[in-house]
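Results of the structural survey
If you want the building blocks of each chain, they are given just below.
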Amino acid sequence: MNVNTLKYYFRESTRSVLRNSWLSVASVGTIIISLLILGSSLLLVLNVRHIVSTVESSLEITVFLEDGLDEEALKRMEEEIKFVPGVARVEFVTKEQALEDLKESFGDKADILSGLEKDNPLPNSFRIKTSEAEMVPRAARQLEKLEGVEQVRYGQGVVEKLLSLTHWVRIWGSLTLVVLGAAAVFLIATTIRMSVFARRREIGIMKMLGATNFFVRMPFMLEGMMLGLAGGLVAALIIYFGYLSLLNKVAVTLPFIQLVNDPQTLYRVLGGLLGLGFGIGAVGSAISLHRFLRV
Amino acid sequence: MIQLYNVSKIYPNGVKALNDVTLHIKKGEFVFLVGPSGAGKSTLTKLICREELPSRGQVLVNGRNVARMKNRDVPHLRRKIGMVFQDFRLIPNKTVYENVAFALEVTGASSKEIKKVVPTVLRMVGLEKKAGMLPAHLSGGEQQRTSVARAIVNNPVLLLADEPTGNLDPETSWELMKLFLDINRRGTTIVMATHAWDIVDSMKKRVVALSNGCIIRDEEGGVYGYEC
């Protein structure tokens with residue numbers, strides 16, 4: 001392939017993009033919209049996963065103990081707790097420590113609790129972390145059976161709901177991504193087919209003049225790739241700046257929500273959109289040309 | 001140059017376009033294909049450039065059997081054949097120069113070669129001053145001359161013309177024929193399907209008359225009439 005042919009491919013595809021400007025704008029618009037939906041869904045799924053995993057990792061079981069257990073009994077209990085399946089970490093919290101923690105959480109209004117030191121109503125407890133969030137309910141049921149346990153708390157019901165929500169978000173999120181991806185490829189294939197159809201006479205002339213299939217296809221392939229890349233670029237930029245402003249707003253108004261903000265993940269999403277736009281353009285063109293071009 | 005041996009062509013819809021046609025055309029000949037519409041003239045030209053495949057028989061062009069040719073070799077066959085049509089088949093959004101240069105570009109020619117050859121060919125067909133114009137701004141004759149320039153820019157061994165004067169007035173048709181004669185004198189074989197009886201009668205070239213898919217007459221220095 002000589003330089004002139006390469007120049008021809010680029011010149012023709014650029015000209016075609018400009019000549020069929022409305023069709024080009026429509027194709028790029030379609031890609032932008034598809035990729036915007038795709039990108040936002042991806043970020044939504046990533047963030048839901050992030051939040052869920054944050055919540056999951058902070059899930060813990062508190063085992064309140066009966067009063068009057070001696071040190072030996074406590075030690076024995078700790079050993080027994082460590083043997084409960086799923087238990088990863090056990091921490092003993094004295095009633096004094098529990099009161100301190102409570103005071104800390106009250107902040108300025110800690111005075112309300114003053115005077116309780118003498119007759120501390122809070123029980124001793126164990127704080128327990130499980131290795132997997134899913135293990136929490138079963139471990140809690142086992143812990144309830146231990147001797148000397150007064151009450152076991154782990155946010156009953158909430159954990160089960162959260163876990164089932166995570167499950168559905170993962171399934172539906174992945175499904176949405178697959179469906180939208182397929183829809184985008186289909187839309188681009190249709191757009192390129194329209195572009196090829198609009199130039200079918202030209203294709204006939206090229207073949208009459210002895211153009212190889214590769215020669216005929218290349219400018220269309222490039223056209224699709226350019227449109228895809230342009231769409232991917234615009235979508236990536238919109239997503240990037242939109243997400244940055246979302247991060248800022250959330251940081252100010254909802255500081256307790258931790259959104260995904262590590263640059264590597266973000267750049268991976270943006271790079272993915274760009275690559276996907278390019279890929280959609282190329283695959284779309286290839287599908288259309290494969291059906292249209294036979295000697 | 002072109003040999004057809006017992007060639008028949010039946011289209012998928014059942015139409016019998018050619019029936020047991022045997023025809024030999026030598027290098028450098030100028031041949032008119034005449035006959036009523038539907039006689040098989042266009043089918044014959046399509047078989048030669050392998051736009052269609054014969055249902056039976058063999059078609060040899062420049063020593064190669066086109067029916068057995070691999071798909072990837074077809075473009076190389078077509079580069080040796082220049083084609084001219086009644087409807088010109090120019091690319092509307094390319095200028096005269098670009099349309100002619102295009103025939104070289106598809107063969108992978110260098111820009112140096114294109115810049116050298118295209119102006120020469122445009123001069124030959126008398127369009128050097130219209131090189132920058134789009135086909136829509138040209139007269140029918142000028143458009144046809146552009147398509148002839150495109151057909152010969154590759155130095156083809158064969159020029160196939162399917163009713164090239166069909167859309168032209170008599171005077172322009174004659175100018176085109178002078179151009180064809182000039183091209184033929186340079187050694188290019190010309191096969192032209194036509195209804196222009198006056199041209200055929202006065203040029204005194206070989207005439208192959210077709211009717212209902214059969215060759216009914218083949219004579220040197222013949223005339224148009226195809227009744228038998």
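Summary of the structure given here.

Here's the deal with the sheet that holds strand β2 (residues 16-25) of chain B
Pairing between the strands of a sheet comes from backbone hydrogen bonds, and it takes one of two forms, parallel or antiparallel. Residue and element names in this part refer to chain B. Read across the sheet, four strands follow the order β2-β1-β4-β5 without closing on themselves; strand pairing throughout is antiparallel. This sheet does not close on itself; its edge strands, each paired only once, are β2 and β5 (64-65). Pairing of strand β4 (residues 56-61) with β5, which is carried by two bridges, proceeds in the antiparallel orientation. Residue pairing in the sheet places Leu60 in a bridge with Asn65 of β5. Across the face of the sheet, helix α1 (residues 41-48) comes into contact with β1 (2-10), β2 and β4 while running at roughly 60° to β2.

Thoughts on a negative patch on the surface
Residue and element names in this part refer to chain A. On the surface, Glu66, Glu80, Glu147 and Glu150 cluster together into a negatively charged patch. Structurally, Glu80 can be placed in helix α3 (residues 71-83). By relative accessible area, which is 33% here, Glu80 ends up partly exposed.

Looking at the interface of chain B and chain A
Interface extent is often summarised as the accessible area lost during association of the parts. Every contact between the two is made by 24 residues of chain B and, on the other side, 20 residues of chain A. Summing both partners gives a buried area of about 2000 Å² for chain B against chain A, and 54% of it is carried by carbon and sulfur. Of all residues in chain B, Arg78(B), Glu105(B) and Val106(B) give up the largest surface area on contact with chain A, accounting jointly for 25% of the area buried on that side. Connecting chain B to chain A are two salt bridges. A salt bridge links Glu12(A) to Lys94(B); the nearest nitrogen and oxygen atoms lie 2.9 Å apart. Across the chain B-chain A interface, the total number found is four residue pairs in polar contact (both at pLDDT 80 or more).

A word on unusual backbone geometry
All names here are of chain B. Positive phi values are uncommon outside glycine, yet Phe88 reaches one of about 65°. The residue Phe88 is located in the loop between β6 (81-85) and α3 (96-105) in this model. For Phe88, a relative accessible area of 9% gives the class buried.

Digging into the environment of Val179(A)
Tracing the backbone shows Val179(A) in helix α6 (residues 158-198). Each C-alpha atom of the pair Val179(A) and Leu38(A) lies 9.6 Å from the other, and the pair is 141 residues apart in sequence.

Focus on the packing of aromatic side chains
Residues and elements named next belong to chain B. The tally for this structure, following the rule as stated, stands at nine aromatic pairs over all chains. The side chain of Arg89 reaches across the aromatic face of Phe85, ending 3.7 Å from its centre. For the cation-ring pair, Lys94 lies above Phe102, with the distance from its terminal atom to the ring centre recorded as 4.7 Å.

A look at helix α7 (residues 200-208) of chain A
Listed in full, the buried residues belonging to α7(A) are Glu202(A), Ile203(A), Ile205(A), Met206(A), Lys207(A) and Met208(A). After α7(A) finishes, the residue Gly210(A) shows a positive phi value of roughly 95°.

As for a nonpolar patch on the surface
All names here are of chain A. Where nonpolar side chains cluster on the molecular surface, the patch consists of Trp168, Ile171, Trp172, Leu175 and Val179 and spans about 530 Å² of accessible area. With respect to the helices and strands, the residue Ile171 is situated in helix α6. By relative accessible area, Ile171 is classed as partly exposed at 37%.

Section: the sheet that holds strand β9 (residues 206-211) of chain B
Residue and element names in this part refer to chain B. One open sheet accounts for six strands, arranged β6-β7-β8-β3-β9-β10; its pairing is mixed. Because the sheet does not close on itself, it has two edges, and the strands there are β6 and β10 (214-219). The mean angle between the axes of side-by-side strands here comes to 15°, regardless of whether they run parallel or antiparallel. Sheet topology places β9 next to β10; five bridges connect them, and they run antiparallel. Across the sheet, the residue bridging to Leu210 is Ile215, located in β10. The strands touched by α1 are β3 (30-34), β6, β7 (158-162), β8 (189-193) and β9; relative to β7, the strand with the most contacts, the crossing angle is about 150°.

The rules behind each value
All residue numbers refer to positions counted from 1 along the written sequence of the respective chain. Chains and ligands are labelled sequentially in the order written, the chains with letters from A and the ligands with numbers from 1. Given that this is a predicted model, residues contribute local features only at a pLDDT of at least 70 and side-chain atom pairs are listed and counted only at 80 or more, while totals for whole chains, interfaces and linings are drawn from all residues. For the side-chain quantities, the full set of heavy atoms in the structure was used; hydrogens and water were omitted. Between any two strands, pairing holds if DSSP finds at least two bridges. Put simply, DSSP marks the helices as runs of H or I at least four residues long and the strands as runs of E at least two long, and each gets a number from the N terminus on. Residues are treated as being in contact if the distance between any of their heavy atoms lies within 4.5 Å. Axis definition: a line fitted to C-alpha atoms, over the contacting stretch in the case of helices. Angles run 0 to 180 degrees between N-to-C directions. Residues form patches when they are more than 30% accessible in relative terms and have no salt bridge. Like charges link within 9 Å. Nonpolar side chains (Val, Leu, Ile, Met, Phe, Trp, Tyr) link within 5 Å. All accessibility values rest on the Shrake-Rupley procedure with a 1.4 Å probe; residue burial counts only the protein chains present in the view. Salt bridges are defined as contacts in which a side-chain nitrogen from Lys or Arg sits within 4 Å of a carboxyl oxygen from Asp or Glu. When charges are counted, Lys and Arg contribute as positive and Asp and Glu as negative, whereas His and the chain ends are disregarded. Charge positions are represented by NZ for Lys, CZ for Arg, CG for Asp and CD for Glu. Summary of the burial criterion: residues with accessible area below 20% of their type's maximum are buried, those above 50% are exposed, and those between are partly exposed, where the area comes from a 1.4 Å probe applied to protein chains only. The buried area of a pairing is the accessible area, by a 1.4 Å probe, that goes missing from both parts when the two are put together, added over both. By the criterion applied in these results, polar contacts are pairs of N or O atoms within 3.5 Å in which, for protein atoms, one can donate a hydrogen and the other can accept it, and in which residues neighboring in sequence qualify only through two side-chain atoms. Each Phe, Tyr or Trp ring (for Trp, its six-membered ring) is paired with any other whose centre lies within 6.5 Å, and the angle between the two planes then decides the class: stacked below 30 degrees, edge-to-face above 60, tilted in between. For a ring to carry a charge above it, either NZ of a lysine or CZ of an arginine must fall within 6 Å of the ring centroid while also lying within 35 degrees of the normal to the ring plane.

So yeah, pure geometry; function would need other evidence.
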